[in-house]
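Chain by chain, the residues:
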Amino acid sequence: MNTFKKGVHMDIKVWMYVIYLAVSVGLTIWVARALSRNGQVFLEEVFAEERLARAVNSLLVVGFYLLNLGYVTVAMKHPDPVDSTSQAMEELSLKIGLVLLVLGALHFFNVFALGRYRRNRLRQLATHPPLAPIGRLPMPSAPPGSQLVGAYPGGPQPTAAHPAGPPPAGPQPGVGPTNNPQTR
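Here's a quick rundown of the structure.

The rules we used
Residues numbered from 1 in each chain as written. Predicted model: local features only at pLDDT ≥ 70, side-chain atom pairs only at ≥ 80, totals over all residues. Heavy atoms only, no water. Helix = DSSP H or I, 4+ residues; strand = E, 2+ residues; numbered from the N terminus. Buried < 20%, exposed > 50% of the residue type's maximum accessible area, 1.4 Å probe, protein only. Contact = heavy atoms within 4.5 Å. Areas by Shrake-Rupley, 256 points an atom, 1.4 Å probe, with all protein chains shown as cover. Patch = residues over 30% accessible without salt bridge, like charges linked within 9 Å, V, L, I, M, F, W, Y side chains within 5 Å. Salt bridge = Lys/Arg side-chain N within 4 Å of Asp/Glu carboxyl O. Expected span 1.5 Å × (residues − 1). Phe/Tyr/Trp six-rings, centres within 6.5 Å; stacked < 30°, edge-to-face > 60°. Core = buried A, V, L, I, M, F, W, Y, C linked by side-chain atoms within 4.5 Å.

### Brief notes about the overall build of the protein
Part 1: A count of helices and strands for the protein gives 3 helices and 0 strands.
Part 2: The order of helices and strands in the protein, counted from the N terminus, is α-α-α.
Part 3: Here the protein, with 184 residues, has 21% of them falling under the buried criterion.
Part 4: Taking the intrachain contacts of the protein between residues at least 6 apart in sequence as the baseline, contacts between residues at least 24 apart amount to 74%.
Part 5: Summing over all exposed atoms, the protein offers an accessible surface of approximately 14100 Å²; the carbon and sulfur share of this is 67%.

### With respect to the environment of Thr85
Part 1: Tracing the backbone shows Thr85 in helix α3 (residues 85–125).
Part 2: Measuring from C-alpha to C-alpha, the distance between Thr85 and Lys13 comes to 9.0 Å, with 72 residues separating the pair along the chain.

### Focus: a nonpolar patch on the surface
Part 1: Side chains of Val14, Trp15, Val18, Ile19 and Val23 sit close together on the surface and give an oily, nonpolar patch of about 430 Å² of accessible area.
Part 2: One can find Val14 in helix α1 (residues 2–47).

### Observations regarding helix α2 (residues 50–74)
Every α-helix winds through 3.6 residues per turn, so residues three or four apart in the chain are directed the same way.
Part 1: Relative to the 36 Å expected for 25 residues at 1.5 Å per residue, α2 spans 36 Å between its end C-alpha atoms, a close match to the ideal helical length.
Part 2: For α2, the full list of buried residues reads Ala53, Val56, Asn57, Val61, Phe64, Asn68 and Val72.

### Considering the packing of aromatic side chains
Within a pair of aromatic rings, the relevant descriptors are the distance that separates the centres and the angle that separates the planes.
Part 1: One pass over the full model with this rule turns up 2 aromatic pairs.
Part 2: Ring geometry for Phe47 against Tyr117: centres 5.1 Å apart, planes inclined by 45°, an arrangement best described as tilted. In this pair, Phe47 is assigned in helix α1 and Tyr117 in helix α3, connecting sequence segments 70 residues apart.
Part 3: For Phe47, a relative accessible area of 14% puts it in the buried group.

### With respect to the nonpolar core
Part 1: Core analysis: the largest hydrophobic core is formed by 15 residues, its most contacted members being Tyr20 and Phe64.
Part 2: Discounting residues that sit within four places of it in the chain, Phe64 has contacts with Thr28, Val31, Ala32, Leu35, Leu103 and Leu106.
Part 3: Val46, Phe47, Val56 and Leu114 belong to the second largest nonpolar core, which has 6 residues in total.

### Re unusual backbone geometry
Part 1: Positive phi values are uncommon outside glycine, yet Ala48 reaches one of about 60°.
Part 2: Within the fold, Ala48 resides in the loop between α1 and α2.
Part 3: For Ala48, a relative accessible area of 56% corresponds to the exposed category.

Here you go:
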């Protein structure tokens, strides 16, 4: 009876391994093909050269297969005996779930790294820096009887006419020929 029980354990465990390998390898191939096919457009945008994008896409697919199938084979071993089909299903779902997490992590790492590379490339290709501001917005006027925090009467006085940049465009109150009696 002990030999029969040992044989049943082995059969359940072997079937668990077969199903795990079939599902994991199938998922790896499906995801790699989908990422390769749909990622080609993204890589062409990142590298701005179709030939280089195809080469990088092939290298990413090979690396994807090596990493994921390597993980699948390392994670296949299960040292404890499997006593029932339900226990085999639980272990199988844990192993396949970990494979899916590894697939997702590899995918997001690739997208993140390629996105950073693209941003840096676009920044280097920029012919000129962004435009500097042309002027300043006028200060809002305070309602009668209220005092703005840091306003000139009780607060600090400016040290220069316009310390933060060029003078604002347009007529300024208190400046010009209308307030200067000598120029009239």
